[in-house]
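Descriptive structure summary
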Amino acid sequence: MFLNELKQEGAITRKMLARIPDDKFGWQPHVKSMTIKSLATHIADLPSWVGMALNTTELDFANNPYQPQDCNNTKDLLAYFEGNLADGISQFEQANEEQLSEMWTLRNGSEIYSSGPKSDIIRISISQTIHHRAQLGVFLRLLNVPIPESYGPSADEQ
């Protein structure tokens, strides 16, 4: 189920990331918002969480600070996303269902953010992709960039 969902959401995400204009990577709609570069890089990272969840027992930010990939144009961003998506698909193809019930923890040192079955972190990563992709859609709309279809035609593709 997760494999099929990752492939479906990957196809939609690819279309959205491909719409980002190279000259807008530093743009943000509000001072409290991420830049398009930060948001899009995070979206492109998320498929890599499949392998991390399946093959580790935790992520501790105290020992592994987040170091985002430095993508400065749409071509590089898409290449990064495609690599992570291919790896996520491959990880699912090699996994067994029993792994999904093993425990996994997200922490920052002694502060535990969440702990639960590996299936939960995989669900969160897919949900995060959808959530942040919607944010990116708003950013693109504000820049007057046509929004691609997702689960049906967009207002720009009717």
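As shown above, the structure is provided for reference.
What counts, and at which threshold
Residues numbered from 1 in each chain as written. Predicted model: local features only at pLDDT ≥ 70, side-chain atom pairs only at ≥ 80, totals over all residues. Heavy atoms only, no water. Pairing = 2+ DSSP bridges. Helix = DSSP H or I, 4+ residues; strand = E, 2+ residues; numbered from the N terminus. Axes fitted to C-alpha atoms, helices over the stretch in contact; angles between N-to-C directions. Salt bridge = Lys/Arg side-chain N within 4 Å of Asp/Glu carboxyl O. Buried < 20%, exposed > 50% of the residue type's maximum accessible area, 1.4 Å probe, protein only.

On to the sheet that holds strand β2 (residues 103–108), then. One open sheet holds the three strands; their spatial order is β1-β2-β3, and the pairing between them is mixed. The open sheet terminates on both sides in strands that have one partner only, identified here as β1 (58–60) and β3 (111–117). Averaged over all pairs of adjacent strands, the angle between their axes in this sheet comes to 10 degrees, without regard to strand direction. Pairing of β2 with β3, which is carried by six bridges, proceeds in the antiparallel orientation. Considered in β3, the bridge of Thr-105 is made with Ser-115.

Counting across every chain of the model gives nine salt bridges. The shortest N-O distance in the salt bridge between Lys-118 and Glu-102 comes to 3.0 Å. With Lys-118 in helix α5 (residues 118–142) and Glu-102 in the loop between α4 (74–94) and β2, this residue pair connects regions lying 16 residues apart in the sequence. Of the residues examined, Lys-118 reaches a relative accessible area of 3% and is grouped as buried. A relative accessible area of 38% places Glu-102 in the partly exposed class.

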